[in-house]
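Analysis of the macromolecular model
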Amino acid sequence: MSGESVLEARIAEMKKLFVCSIMWEDLRDPVVAADGLTYERESATLWENTKVSLAKQLQLRRIAYDGSIPNHMDTNLLYPNTAVCKVVHAWQHVESCLKAEQAKRQRRERDLEAAKISLMQMVKQTKG
């Protein structure tokens, strides 16, 4: 496995740690609830407003992160989780940098392949 593949695998594993345990989506605006767990603000608010329908969805999809689904969440007691927010943004930055580097490498490989083909055509014309 190449160094890049290992890095991508580790980033993917780390990203799994930064998902909301209600809807299993990436954290963008993480908040800490009274239960001490971190949730995505939008999911936490939706949970309290429509917890019956969400509970049915969760049971059908079996997406409880830690095996527990909050029964009640006071959305007045949601506090920004700034530490998690900083880590999430750092991982997003690393991921975007990695994607940019991959795109550059792919462009260089395409350019090199095109140059090889062009050179081979020139050699054929010279011989022909």
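It should be emphasised that the depicted structure is a prediction, and the values quoted were computed from it without experimental measurement.

Quick look at the overall build of the protein chain now. The number of helices and strands found in the protein chain is 4 helices and 3 strands. Ordered by position from the N terminus, the helices and strands of the protein chain form the series α-β-β-α-α-β-α. For the protein chain, buried positions account for 22% of its 128 residues. In the protein chain, 61% of the contacts between residues at least 6 apart in sequence involve partners at least 24 apart. As presented, the protein chain carries roughly 9,200 Å² of accessible surface, and 57% of it is formed by carbon and sulfur atoms.

What follows deals with the confidence of the model for the protein chain. For the protein chain, mean pLDDT is 78; residues scoring 70 or higher make up 74% of the total. The element-level mean pLDDT for the protein chain is lowest in helix H3 (residues 51-61), coming to 55, with strand S1 (residues 30-32) highest at 91. Low pLDDT, under 50, characterises residues 60-66; the stretch is placed with 13 contacts to residues that sit more than four places away or in other chains.

For the rest of this paragraph, the subject is the environment of tryptophan 24. Positionally, tryptophan 24 belongs in the loop between helix H1 (3-17) and S1. Its relative accessible area of 40% is what places tryptophan 24 among the partly exposed residues.

Turning next to the sheet that holds strand S3 (residues 79-80). Strand order in the open sheet made by the 3 strands is S2-S1-S3, with antiparallel pairing throughout. This sheet does not close on itself; its edge strands, each paired only once, are strand S2 (38-40) and S3. Pairing of S1 with S2, which is carried by 3 bridges, proceeds in the antiparallel orientation. Counterpart to valine 32 in the pairing with S2 is threonine 38.

Inside soluble globular proteins, nonpolar side chains tend to come together where they are buried. Residues Ile22, Leu27 and Tyr39 are the most contacted members of the largest nonpolar core, which totals 13 residues. If near-sequence neighbours (up to four positions away) are discounted, leucine 27 is found in contact with Phe18, Val19, Cys20, Thr38, Tyr39, Glu40, Val84, Val88 and Gln92.

Under the 1.5 Å per step criterion, the end-to-end length of helix H4 (residues 82-127) is 67 Å for 46 residues, consistent within 8% with the ideal 68 Å. Those residues of H4 that fall on the buried side of the exposure criterion are Val84, Val88, Leu98 and Gln102.

Thresholds applied
Residue positions are given per chain, counting from 1 as you read along its sequence in written order. For a predicted model such as this one, the threshold for reporting local features is a pLDDT of at least 70, and the threshold for listing and counting side-chain atom pairs is 80 or more; totals across whole chains, interfaces and linings nevertheless cover every residue. Side-chain measures were taken over the full set of non-hydrogen atoms in the model, leaving aside hydrogen atoms and water. Per the convention used, a helix needs a DSSP run of H or I reaching at least four residues, while a strand needs a run of E reaching at least two, with both numbered from the N terminus. Using a 1.4 Å probe on the protein chains alone, a residue whose accessible area is under 20% of its type maximum counts as buried, one over 50% counts as exposed, and one in between counts as partly exposed. Note on contacts: a residue pair qualifies if any of its non-hydrogen atoms lie within 4.5 Å across the two residues. Using a 1.4 Å probe, accessible areas were evaluated by the Shrake-Rupley method; residue-level cover was limited to the displayed protein chains. How sure the predictor is of each residue is captured by pLDDT, a score from 0 to 100. Strand pairing is defined by DSSP finding a minimum of two bridges between the two strands. Only buried Ala, Val, Leu, Ile, Met, Phe, Trp, Tyr and Cys residues count toward a nonpolar core, and they belong to the same one when joined by side-chain atoms within 4.5 Å. An expected span of 1.5 Å times one less than the residue number is assigned to each helix.

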